[in-house]
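An overview of the molecular structure
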Amino acid sequence: MDCASAAIAKATVEDALLLSRLAEEVAQHPRCMQELDTKSEAETRCAQKWYKIGIHVLVVHGLQEAAEQMWHRAKAIRTVTGATIGWTSLLETPTVWVSSLESMPFWDCSTWPFLASLEAASSVILDEVQKAAQFTAAYPYLKTGGVWQDIFLYRGHDWNSTLCDAMPRTCRLLLPELPTKPGVPYATVYNEEVVIFRSEPGATVGAHCGSSNAIINLHLTLKGGRGTSIAVGDERIFLEDGKAVCFQDSFFHAVQHEVFGEDERISMVLRVMHPQMSLDVLEKIQSTDMVPDLRAFSSSESLLQEVYRLRQEYRKLALISGDGTTKCASPL
């Protein structure tokens, strides 16, 4: 499987069809298929993951008809216990599919009220990003041309403390907001994160879908929106500086920074939990990638940990003056 992953990551137009068939062979292996019966829909199941990989290879290289045929073959699977792959459209084929969650390409950003504060502070955030961020190449297996870079501010429940020290105003805005649903466990390891992207004219990010339909991307353009567009499903919109666009990460999406666009595009993306994810939804599922047995998960303990985290952050802020310098203060 490691060998297959390495080969597929380097797929070209010439060998995309062959490598997609390799992915399907892995998906149909009996031990791989078995996970459709032994794992819940909120966990990474081998067969579904590898069919997603096979479809992705075909879509990225423009082999739409072959991708549609593979999607139909994946949908036709039914194990002896009646387990299936729950996807409802070729436009949306994530690794993890929670069937009870609503799906739509674009979401109303007012669902997350704190986004208005981030939009209002976009110039402040941009100033800190330009002074502090050290970008590296972003997801090279997705980029099909040009310069596309990223840096993570928050990932897997952990904040990049070094970057936060250099971007104090940005982190003050974000720290109280993530996780967005304290007391509800993540479905996947990167269910929520904050990543800053940078691209230059000519950059093309190929069509791809995320790991789970339980993730919504809150995409705030800080600079360089003119000439940059994002396509989600079968819809395309152009980005605007200081404005957020919210879309479901599980849909195939692609970014195009046109050659006539601005010299540099910088965006901050918050990947957050689907607004319908709840303990009630998870109770029917009983396990996720992050919590193998939800019966052992304590929502109250999780909430207490969040209160403790916020107290710790408040203590840090209490020691910082308005200009960002440290001042003396009594311990809290």
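Named according to an unreviewed UniProt entry, the protein is Aspartyl/asparaginy/proline hydroxylase domain-containing protein originating from Durusdinium trenchii. UniProt, in its Sequence similarities (unreviewed entry) section for the protein, records the words "Belongs to the aspartyl/asparaginyl beta-hydroxylase family."

**Remarks on the pattern of salt bridges**
Should the charged atoms of two oppositely charged side chains come close, the side chains can pair. Tallied over the full model, the rule gives 13 salt bridges. Two residues, E264 and K223, come together in a salt bridge whose shortest N-O distance is 3.0 Å. Note that E264 is positioned in the loop between strand 12 (253–257) and strand 13 (265–273) and K223 in strand 8 (residues 215–223), a separation of 41 residues in sequence. Of the residues examined, E264 reaches a relative accessible area of 17% and is grouped as buried. Here E262 makes a salt bridge to R226, at a shortest N to O gap of 3.9 Å. Of this pair, E262 sits in the loop between strand 12 and strand 13 while R226 sits in the loop between strand 8 and strand 9 (228–232), and the two are 36 residues apart along the sequence. We classify E262 as partly exposed; its relative accessible area is 24%. Here the residues in one salt-bridge network are D127, E128, K131 and R169, joined through shared partners.

**Brief notes about the environment of E41**
Tracing the sequence through the fold places E41 in the loop between helix 3 (30–38) and helix 4 (46–60). Expressed as a C-alpha distance, the spacing of E41 and A187, which sit 146 residues apart in the sequence, is 9.9 Å. Apart from residues no more than four positions distant in its own chain, E41 is found in contact with V96, W97, V98, S99 and I285.

**As for the state of the cysteines**
A complete count under the given rule lists three disulfides for this structure. Covalently, C32 is tied to C46 through a disulfide, its sulfur atoms 1.9 Å apart. Looking down the S-S bond of the C32 and C46 bridge, the torsion is -95°, so its handedness is left-handed. Residue C32 is located in helix 3, and its partner C46 is located in helix 4; the two are separated by 14 residues in the primary sequence. For C32, a relative accessible area of 4% translates into the label buried. For C46, a relative accessible area of 12% gives the class buried. Across the disulfide, C164 is cross-linked to C171 (sulfur-sulfur distance 2.1 Å). Disulfide C164-C171: torsion about the S-S bond near -85°, hence left-handed. By relative accessible area, C164 is classed as buried at 12%.

**As for helix 2 (residues 16–27)**
For helix 2, with 12 residues, the first-to-last C-alpha span of 16 Å sits near the 16 Å given by 1.5 Å per residue. Of all the residues in helix 2, the buried ones are A16, L19, S20, A23, E24, V26 and A27. Down the axis, helix 2 shows its buried residues gathered within 155° of arc, on one side only. Helix 2 presents L18, R21 and E25 as exposed residues on the side facing more than 90 degrees away from its buried surface.

**Some points on the packing of helix 4 against helix 5 (residues 64–75)**
Running from N to C, helix 4 and helix 5 point in directions that differ by 165°, and their axes come no closer than 8 Å. The angle between helix 4 and helix 5 places the two elements in the roughly antiparallel class. Read as a crossing pair, helix 4 and helix 5 show a hand that is left-handed. Taken together, the residues of helix 5 that come into contact with helix 4 (itself represented by Y51, G54, I55, L58 and V59) are Q64, A66, A67, M70, W71, R73 and A74. Each residue belonging to the contact of helix 4 with helix 5 can be placed in one class, and the counts come to nine nonpolar, two polar and one charged.

**Re the environment of G224**
Assignment of secondary structure puts G224 in the loop between strand 8 and strand 9. In this structure, the C-alpha to C-alpha distance between G224 and A318, residues 94 residues apart in sequence, is 35 Å. The contacts of G224, once residues within four sequence positions are left out, are D241, E262, E264 and R265.

Parameters at a glance
- Residues numbered from 1 in each chain as written.
- Predicted model: local features only at pLDDT ≥ 70, side-chain atom pairs only at ≥ 80, totals over all residues.
- Heavy atoms only, no water.
- UniProt positions renumbered as here; feature names shortened; annotations may be inferred.
- Salt bridge = Lys/Arg side-chain N within 4 Å of Asp/Glu carboxyl O.
- Helix = DSSP H or I, 4+ residues; strand = E, 2+ residues; numbered from the N terminus.
- Buried < 20%, exposed > 50% of the residue type's maximum accessible area, 1.4 Å probe, protein only.
- Contact = heavy atoms within 4.5 Å.
- Disulfide = S-S within 2.5 Å.
- Expected span 1.5 Å × (residues − 1).
- Arc of directions from axis to C-beta.
- Axes fitted to C-alpha atoms, helices over the stretch in contact; angles between N-to-C directions.
- Parallel < 35°, antiparallel > 145°, perpendicular 65-115°, else oblique.
- Left-handed = near helix turned anticlockwise from the far one by under 90°.
- Nonpolar A, V, L, I, M, F, W, Y, C, P; charged D, E, K, R; others polar.

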